[in-house]
Amino acid sequence: MNMEEKEKPSDFIREIIREDLKNRKFDSRVHTRFPPEPNGYLHIGHAKSICLNFGAAEEFKGLCNMRFDDTNPTKEEVEYVESIKEDVRWIGFDWQEREYYASDYFEKMYGYAVELIKKGKAYVCDLSADEIREYRGTLTASGKESPYRNRTVEENLSLFEKMKIGEFPDGSRTLRAKIDMSSGNINMRDPVMFRILHSEHHRTGNKWCIYPMYDYAHCVSDSIEGITHSICTLEFEDHRPLYDWFLNELGVYHPQQIEFARLNLSYTVLSKRKLIQLVQEGHVNGWDDPRMPTISGIRRRGYTPESIRNFCERIGVAKRDSMVDMALLEYCIREDLNKQAQRVMAVLRPLKVVVVNYPEGQVDELDAINNPEDPGMGTRKVPFSRVLYIEKDDFREQPPKGFFRLSPGKEVRLRYAYYITCVDVVKDKNTGEVTELHCTYDPATRGGDSPDGRKVKSTLHWVSASHAIKAEARLYDYLFTKPVPGEESGDFKTDLNPKSLEALKQCFVEPSLVNAKSGDRFQFERMGYFCADRDSTKEKPVFNRTVTLRDTWAKIEKLQKKS
RNA sequence: UGGGGAGUCGUCCAAAGGUAGGACGGCAGCCUCUGGAGCUGCUUAUAGGGGUUCGAAUCCUCUCUCCCCAGCCA
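Residues numbered from 1 in each chain as written. Chains lettered and ligands numbered in written order. Predicted model: local features only at pLDDT ≥ 70, side-chain atom pairs only at ≥ 80, totals over all residues. Heavy atoms only, no water.

1. A few points about the confidence of the model for chain A
1) Next: Summing up the model confidence of chain A, the mean pLDDT is 96 and the portion of residues at 70 or higher is 98%.
2) Next: Long-range and interchain partners of residues 1–6, a stretch whose pLDDT sits below 50, account for one contact in this model, where long-range means more than four residues apart.
3) Next: The ipTM assigned to the predicted complex is 0.97, against a pTM of 0.96. (pLDDT = per-residue confidence, 0-100. Contact = heavy atoms within 4.5 Å.)

2. Some details on the nonpolar core
1) Next: Of all hydrophobic cores here, the largest spans 39 residues; its most connected members are Ile-44, Val-88, Ile-308 and Phe-311.
2) Next: Contributions of two or more residues to this core are made by helix H3 (44–59), strand S2 (63–68), helix H4 (78–91), helix H11 (295–301), helix H12 (305–315) and helix H13 (326–340).
3) Next: For this core, the element with the highest residue contribution is H3, accounting for six residues.
4) Next: When neighbours within four sequence positions are excluded, Phe-311 is seen to be in contact with Ile-44, Leu-263, Leu-265, Val-324, Leu-328, Leu-329 and Cys-332.
5) Next: If you look at the next biggest cluster of nonpolar residues, it comprises 36 residues, including Ala-113, Leu-175, Trp-208 and Leu-247. (Core = buried A, V, L, I, M, F, W, Y, C linked by side-chain atoms within 4.5 Å. Buried < 20%, exposed > 50% of the residue type's maximum accessible area, 1.4 Å probe, protein only. Helix = DSSP H or I, 4+ residues; strand = E, 2+ residues; numbered from the N terminus.)

3. Things to note about the side chain of Asp-190
1) Next: Structurally, Asp-190 can be placed in the loop between strand S5 (174–177) and strand S6 (192–196).
2) Next: A polar contact is formed between the side chain of Asp-190 and the backbone nitrogen of Ile-179, at a distance of 2.7 Å.
3) Next: Ignoring any residue separated from it by four or fewer positions in sequence, one finds Asp-190 in contact with Tyr-123, Arg-149, Arg-176, Ala-177, Lys-178, Ile-179, Asp-180 and Met-181. (Polar contact = N/O pair within 3.5 Å; in protein donor to acceptor, adjacent residues only side chain to side chain.)

4. As for the packing of aromatic side chains
1) Next: Evaluation of the coordinates by the stated rule reveals 27 aromatic pairs.
2) Next: Ring centres of Phe-68 and Tyr-101 lie 5.1 Å apart, and the angle between their planes is 25 degrees; this geometry places the pair in the stacked category. Taken as a pair, Phe-68 in strand S2 and Tyr-101 in strand S3 (residues 99–101) lie far apart in primary sequence, 33 residues in all.
3) Next: Judged by relative accessible area, which is 0%, Phe-68 ranks as buried.
4) Next: Judged by centre distance (4.2 Å) and plane angle (10 degrees), the rings of Phe-524 and Phe-530 are stacked. (Phe/Tyr/Trp six-rings, centres within 6.5 Å; stacked < 30°, edge-to-face > 60°.)

5. A closer look at the packing of H12 against H13
1) Next: Following both chains from N to C, one finds H12 and H13 inclined at 135 degrees, their axes separated by 9 Å at the closest point. In terms of orientation, H12 lies oblique with respect to H13. Two packed elements cross with a definite hand, and for H12 against H13 that hand is right-handed. Side by side, H12 and H13 meet where Glu-306, Ser-307, Ile-308, Asn-310, Phe-311, Arg-314 and Ile-315 of the first sit next to Leu-328, Leu-329, Tyr-331, Cys-332, Ile-333, Glu-335 and Asp-336 of the second.
2) Next: Grouping the constituent residues of the contact of H12 with H13 by class yields eight nonpolar, two polar and four charged. (Axes fitted to C-alpha atoms, helices over the stretch in contact; angles between N-to-C directions. Parallel < 35°, antiparallel > 145°, perpendicular 65-115°, else oblique. Left-handed = near helix turned anticlockwise from the far one by under 90°. Nonpolar A, V, L, I, M, F, W, Y, C, P; charged D, E, K, R; others polar.)

6. Some words on unusual backbone geometry
1) Next: Phi is positive for Asp-27, close to 55 degrees, though the residue is something other than glycine.
2) Next: Mapped onto the elements, Asp-27 comes out in the loop between helix H2 (12–22) and strand S1 (31–34).
3) Next: The phi angle at Arg-526 is positive, at roughly 70 degrees, despite the residue not being glycine.
4) Next: Following the sequence through the fold, Arg-526 ends up in the loop between strand S23 (521–524) and strand S24 (528–532).
5) Next: Residue class for Arg-526 comes out partly exposed when judged on its relative accessible area of 32%.

7. Observations concerning the protein's contact with RNA strand B
1) Next: The local shell around RNA strand B holds 69 residues, among which Arg-343, Arg-405, Arg-413, Gly-447 and Gln-523 are the closest.
2) Next: Within 4 Å of the protein, the contacting atoms of RNA strand B are 63% sugar and phosphate, with bases supplying the remainder.
3) Next: Within the contact set of RNA strand B, a sugar or linking oxygen lies 3.1 Å away from a side-chain nitrogen or oxygen of Asn-72.
4) Next: Between a sugar or linking oxygen of RNA strand B and a side-chain N or O atom of Glu-237, the distance comes to 3.2 Å.
5) Next: Sorting the residues of the surface near RNA strand B by element identifies helix H6 (129–136), S6, H12, H13 and helix H14 (552–562) as the ones contributing at least two each.
6) Next: Taken together, the residues of the surface near RNA strand B break down into 25 nonpolar, 19 polar and 25 charged. (Near = heavy atom within 4 Å.)

In structure tokens:
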């Protein structure tokens, strides 16, 4: 086995494709499609499907179509088609000119339906929605045939024509496939093919007042486009017999439907219904809120397309229900950003430090490495002066066991600068809060190395007070406090994390960040990866925390608090 | 109690009758001018019972558990 073979993702779907290719099925073609309904924003679960459909097509030198499954005008909007296109492109795939819509095929679907009527395989039914439900039976009891089931072909043809030209009100009649009301598979109990909907469609306008149902529209669309492998999620497994029935009765080109398990991710929700609820009820600030698992939210949070693709590869594709650990997604973005992101110093919760033996008014320009993982990214100058800010968490008046950072009398290194020793602690007279530290520095340690070889246990990040830029940092935590939101209570919203967003408005970042543009990503050393948000202004940049760095000390501290 | 699926480390995915392996997480250590990164080691897994076989996660059989389906949604 060579290296290339080793790297290739493999799963049961790719195995099927390989087998089909070997047997020259579908003329040795591979043609998939990504078929979203434009009724919401794409999320990380869709990314799995996108990577599978576009990825497999690419690997087998085939094609993948973009197809909007727009058969329900009451729920669909152009806003959604635009966002979907942007998101798929951002993830890194291209459908060239093959941008299709199920609505492109309405005429053809109508014609095919007429054929089925002529074959005696479809009929116009006057039952109401409630009556259809009654007649359908239950999971264990078989259904009853509709009294309209045996109309003549002529009558059906004329009624269907009248449905089309708008002679009947919404809900008054449907076109149904004539299959088997006693089937154990409820989908086969004379499913509805067309319903009457006097509703304006985002593409076809008012041309149609009957719209096809998913089961009928999907297989026909796949057939028209010459799809070979129609990949969908597990809940459609029961629909496959119907998919096959329509295509067989029509006697047209017949793709193969294959089902895989949809993605579940811990500490979030991935259902359109729930996501739309979060947006509409204001639990988040829109579809692209960085806490949302939507592609647009993840993008704004600072994730890279590369990390999403790697994630989708790592989680694999199979048929069993599963719950992927959020920690894996975080691993993927850290892995990518560790290699890419420019390092920078930013103090999120500032504590003032006066270097008492450093001359007032003097400024040192120190060399800092932009990315230790990539020397090619070069170095930059960072200004040092008498008054600095360090991170509040990096000082403890009474250091707990294992605390390596600054405390009274202790010496630490300021990254790329000098060793400093804390000589005095200034407190607020009323609250007792530490407001300022007095430290001395050792001029011999300039650059961060001690000529006498003495070691310090810790290196702190810092900024020069007079040079720093004021900034806002938005720290995000999981949107939910439980791995499976609502598992106990039954209502996912009871597990919403009240601390999922913490906005720190008085941060100080090093001056090199003046030029940061919206979308730029950085590692704030020792704090995490951050991405400049579009809310940034010239006066005050805003940074979203994409993900923290792994934090060993935080882990130790948490353990200590427990015991 | 109808029909359709699925059960392998904590999590995700492999192993197509022949040593149950990888990744994430966790733990321990090494290293380090980021308590980052990197490196090394460890990590109570084949749902259960029978059977076939020299040999079973894999084949047969019985049982158990979980998921999906009763929209004129997709």
